[in-house]
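Inside the fold
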Amino acid sequence: MLQNTDDSSIVVAPNKALLVLTLTGVLWLITYWPTLVSMTDIWMRSDTYAHGAIIPLLSAWLIWRKRLALKHKPTTPCWPAAVLIIGNSLIWLMAVAVDVMAIAQLATVIQIPLFTLLIMGWRWTSTITFPLIYLLFSVPIGEELTLPLQNITADFTVTFLQMSGIPVYINGLFIEIPTGKFEVAEACSGIRYLIASFAIGTLYAYLSYNSTKKRVIFIAASLMVPIVANGIRAYMIVMIAHLSDMKYATGVDHLVYGWLFFGFIMAIMFWVGSFWQDPVENESFDTNQADTPNTEKSLKPLAWVSVFTIILFGASFIGLTNLTQKPSLVLNQPIEIELSEWSAIKSSSEWAPKFHGADSTFQQNFRARGGQEVALFIADYQFEDQGKELINSTNRLQRPDYWTVAEKNTTLIQVGSEKKEFNVLELRALNGSKRRILSWYNVIGQNETNAIKIKLIQAMGKLMGWGRGGTFYAIAIDYENQATAQQHLTQFIGDNWETITSDDIIVAKTPHMSQKDRGS
C-alpha cells in the first residue's frame, strides 16, 4: 500500500513542493497537449461527453474546499509512485502509437494524481483523493456500452408493451406494433443519461454523505436508476405515439421528452437521497490536529523528483516521435482478386463499408455455381495515423440510418486442417431484410478478431520496427434462412481462403524509412 511508503524523516518545504508540482504540471501540459486536444474535441462535439468540460472545474473547487487542511499536511515524496508513473507513461505512449485515444486520454488524466502523490506524498494527497479521482469523469469513455444498453431498452419496451396488452413484434432493434414501427437507435440507448447520472450521482454522494456505505449505495443507484428509467422512457414514447395515432413522439420531440423525463427522475433520486443526508462537514481546520513532525526540511528530495520528471517527459517526447514516425512513401495501388470457383458479378445490394484512410480497398460480389451471391470487402492500411486506423469507431460495415445491429458474436469455422475464429455481425433493416457479415483482421501475419489483441500486436510491431498497419477482411450475405446463409459463407471461406489472404494480393508494401525520415 502506498500510504505506508512516505519517509516521515524527510519533509520538504510545502511552498517548494507546490512550486515543483506546478512546474511538473506545465511539463505535463506540454507533453500531453495533443491527447488533451483530442479529449476536448470530443467534449465539444458530443452531447454524451459535454459534461467533461466542467469536471476539471468541479475538481478544482473540491480541492479549494480542502485548502485549510492541506496547509497543515506535511509534504513528503512518495517514491513508489514513480514506478506507477513510469508504467502509466508506457501505457500512454503505446496507446498514442496505435491511436487508442480512449486509453491515452485515461492515462493522461491518471498522471495527475500519480505526480501529486510522488511530489506531495500520501498524507497530503489523501486529503484530496476524491477530487483527484473525480477527474476521471472528464475522460470520454463508455461508448462500448451503447449496444448492450440498446438491447436492454428494447427488452424493457417490449415487456411493458406486452403487459399493456399491445401486440408487439421485435426484429433486432426494430419494434413493430399495429400502429407503426420504431427503432431503438443509438440515441435511445440511454448512454448519455447513464454517464451523466453516474458523474452527478458520484459528486452528490461525496458531498451529501460521510458514510462510505451510503456513498456506495447512492452511486450504485445512480447507475441502475437511469437504465430502468430509460426503458420506461422508451415505452412511454411508443405509447404516446400509439395513442396519438403516430402524431407525437415520433421525431425530435421524443428527444426533448427524454431530457425532461431524465431531469425529473434525477430530481426524484436526489430528493429521496436527501432523507439520509449527513450533516455538512465543517471545512475549518483545527490546528491542534495538524501533522507537525519534528524533522528538518530538505530540498534534496525535490531535486531528485525534478530530475526524474525532466528525464521522464524527455523520454516520452523522444519515444512518441519515434513511434509515430510516418513512412516517406505510400504505394496505394489497387487490390486485384480472381477466384477460380466463384465468378465476379455486379452487386445486387448496396453494401458500402466505410473504412477511413485505407491505403488500398477492394469490394466485389461473387457467385458460386450454385447461384448464391457473397460480397467480399478488403481494406489495407500500410501505416496508421489519427483518423486513419485499422480499428476505429468511425469505420462502418453498414449504414447506421438503415441497418441496426441485432447481434454481435464470434464463430469457429474449419479452414483446412484448423479452426479459425471470425467475428459475426447480424443486421436487420426496417423493411425486414437480414444481413450476416463475417470479418477478421490480419496484422503482421496473424489472423485475429479481438480488437485489444490487434492493438497490442500493432504496438509490438511498432516497437520492433515493423511498418504495416494491417488488413481487414469481411464477407457478407443477404438471406432469409440463417443456417443456409452460414453454409454459403463457410463454403466461400473454404474455397477461397488461401487466395484472399495471400500477401500477393496486397500489392502495396510499406517502404522502410530512410535515415533522413528518422530525423538522424
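A few words now on the side chain of Ser 46. Along the chain, Ser 46 falls in the loop between helix H2 (33-45) and helix H3 (55-65). Residue class for Ser 46 comes out buried when judged on its relative accessible area of 16%. Reaching out from Ser 46, the side chain makes a polar contact with the backbone nitrogen of Thr 48 at a distance of 3.2 Å.

Looking now at the packing of helix H9 (residues 146-163) against helix H11 (residues 212-243). Running from amino to carboxyl end, H9 crosses H11 at an angle of 55°, the nearest separation of the two axes being 8 Å. Classed by the angle they form, the pair H9 and H11 counts as oblique. As for the relative orientation of H9 and H11, their crossing is right-handed in sense. Along the contact surface, H9 presents Leu 149, Ile 152, Thr 153, Phe 156, Thr 157, Phe 160 and Leu 161, while H11 presents Ile 227, Val 228, Asn 230, Gly 231, Ile 232, Ala 234, Tyr 235, Val 238 and Met 239. Partitioning the contact of H9 with H11 into residue classes produces 12 nonpolar, 4 polar and no charged.

As a rule of thumb, nonpolar side chains are buried together in soluble globular proteins. Core analysis: the largest hydrophobic core is formed by 43 residues, its most contacted members being Ile 85, Trp 92, Phe 115, Leu 118, Ile 119 and Phe 308. Elements supplying a minimum of two residues to this core: helix H1 (14-31), H2, helix H5 (80-97), helix H6 (101-120), helix H10 (191-208) and helix H13 (300-323). When residues in this core are grouped by element, the largest group, 10 residues, is from H6. Setting aside anything within four residues of it in sequence, one finds Leu 118 in contact with Pro 77, Cys 78, Trp 79, Ala 81, Ala 82, Ile 85, Val 305 and Phe 308. Among the nonpolar cores identified, the runner-up in size contains 37 residues, and Ile 177, Val 238, Leu 425 and Ala 476 belong to it.

Quick look at the pairing of strand S11 (residues 470-478) now. Of all 9 residues making up S11, 8 are buried, and the element is well covered by its neighbours. The sheet contact formed by strand S9 (residues 434-443) and S11 spans 8 bridges and is antiparallel. Each residue of the ladder has a partner; that of Ile 437, found in S11, is Ala 476.

The next subject is the pattern of salt bridges. Overall, the coordinates contain 7 salt bridges when judged by the stated rule. Note that Asp 278 and Lys 214 form a salt bridge whose closest N and O atoms lie 2.7 Å from each other. Here Asp 278 is found in the loop between helix H12 (253-273) and H13, whereas its partner Lys 214 is found in helix H11, with 64 residues between them in sequence. The class of Asp 278 is buried, set by a relative accessible area of 15%. Its relative accessible area of 29% is what places Lys 214 among the partly exposed residues. For Glu 418, the salt bridge goes to Lys 420, with nearest N and O atoms at 3.1 Å. The exposure class assigned to Glu 418 is partly exposed, which follows from its relative accessible area of 43%.

Attention now moves to the environment of Phe 317. You can see Phe 317 is positioned in helix H13. Separated by 286 residues in sequence, Phe 317 and Thr 31 place their C-alpha atoms 6.8 Å apart. Setting aside chain neighbours within four positions, we find Phe 317 in contact with Ile 30 and Thr 31.

The next thing to look at is the packing of aromatic side chains. This model, assessed by the stated rule, comprises 28 aromatic pairs. Centre to centre, the rings of Phe 422 and Trp 497 are 5.9 Å apart; their planes meet at 85°, and the pair counts as edge-to-face. A residue pair is termed long-range when its members are at least 10 positions apart, and Phe 422 in strand S8 (residues 418-429) and Trp 497 in helix H15 (residues 482-500) qualify at 75 residues. Given the relative accessible area of 7%, Trp 497 is considered buried. Feature note: the residues Phe 130, Tyr 134, Phe 137, Phe 198 and Tyr 206 constitute an aromatic cluster, connected by ring pairs. Between Arg 65 and the ring centre of Trp 61, over which it is positioned, the NZ or CZ distance is 5.3 Å.

Here we take up the packing of H2 against H6. Packing of H2 against H6 brings their axes to within 9 Å, and their N-to-C directions diverge by 110°. Taken together, H2 and H6 sit at an angle that is classed as roughly perpendicular. Considering the relative orientation of H2 and H6, their crossing is left-handed. Of H6, the residues touching H2 (which contributes Thr 35, Leu 36, Ser 38, Met 39 and Ile 42) are Met 101, Ala 104, Gln 105, Thr 108 and Val 109. Its residues placed into classes, the contact of H2 with H6 shows 6 nonpolar, 4 polar and no charged.

Attention now goes to the environment of Glu 144. Its location among the elements puts Glu 144 in the loop between helix H8 (129-134) and H9. Classification of Glu 144 as exposed rests on a relative accessible area of 65%. For Glu 144 and Ser 393, which are 249 residues apart along the polypeptide, the C-alpha to C-alpha distance reads 9.7 Å.

Here the focus is the sheet that holds strand S1 (residues 169-171). Strands pair in a sheet through their backbones, by hydrogen bonds, and they do so in one of two ways: parallel or antiparallel. Ordered by their spatial adjacency, 3 strands build an open sheet running S1-S2-S3, and the pairing between neighbours is antiparallel. The sheet is open, and its two borders are formed by S1 and strand S3 (180-183), each paired with just one other strand. Sheet twist, expressed as the mean angle between neighbouring strand axes with direction ignored, is 20°. Relative to strand S2 (residues 174-177), S1 runs antiparallel, the two being bridged by 3 bridges. Within S2, the position partnered with Ile 170 by the bridge is Ile 175. Lying on the sheet, H9 is in contact with S1 and S2; it crosses S2 at an angle near 15°.

What follows is about H5. Helix length check: H5 (18 residues) gives 27 Å between terminal C-alpha atoms against 26 Å at 1.5 Å per residue, within 8%. Regarding H5, the residues found buried are Ala 81, Ala 82, Ile 85, Asn 88, Ser 89, Trp 92, Leu 93, Met 94, Ala 95, Val 96 and Ala 97. Positive phi appears at Asp 99, one or two residues downstream of H5, with a value of about 60°.

Here is what the cut-offs are and how they apply
Residues numbered from 1 in each chain as written. Predicted model: local features only at pLDDT ≥ 70, side-chain atom pairs only at ≥ 80, totals over all residues. Heavy atoms only, no water. Helix = DSSP H or I, 4+ residues; strand = E, 2+ residues; numbered from the N terminus. Buried < 20%, exposed > 50% of the residue type's maximum accessible area, 1.4 Å probe, protein only. Polar contact = N/O pair within 3.5 Å; in protein donor to acceptor, adjacent residues only side chain to side chain. Axes fitted to C-alpha atoms, helices over the stretch in contact; angles between N-to-C directions. Parallel < 35°, antiparallel > 145°, perpendicular 65-115°, else oblique. Left-handed = near helix turned anticlockwise from the far one by under 90°. Contact = heavy atoms within 4.5 Å. Nonpolar A, V, L, I, M, F, W, Y, C, P; charged D, E, K, R; others polar. Core = buried A, V, L, I, M, F, W, Y, C linked by side-chain atoms within 4.5 Å. Pairing = 2+ DSSP bridges. Salt bridge = Lys/Arg side-chain N within 4 Å of Asp/Glu carboxyl O. Phe/Tyr/Trp six-rings, centres within 6.5 Å; stacked < 30°, edge-to-face > 60°. Lys NZ or Arg CZ within 6 Å of the ring centre and 35° of its normal. Expected span 1.5 Å × (residues − 1).

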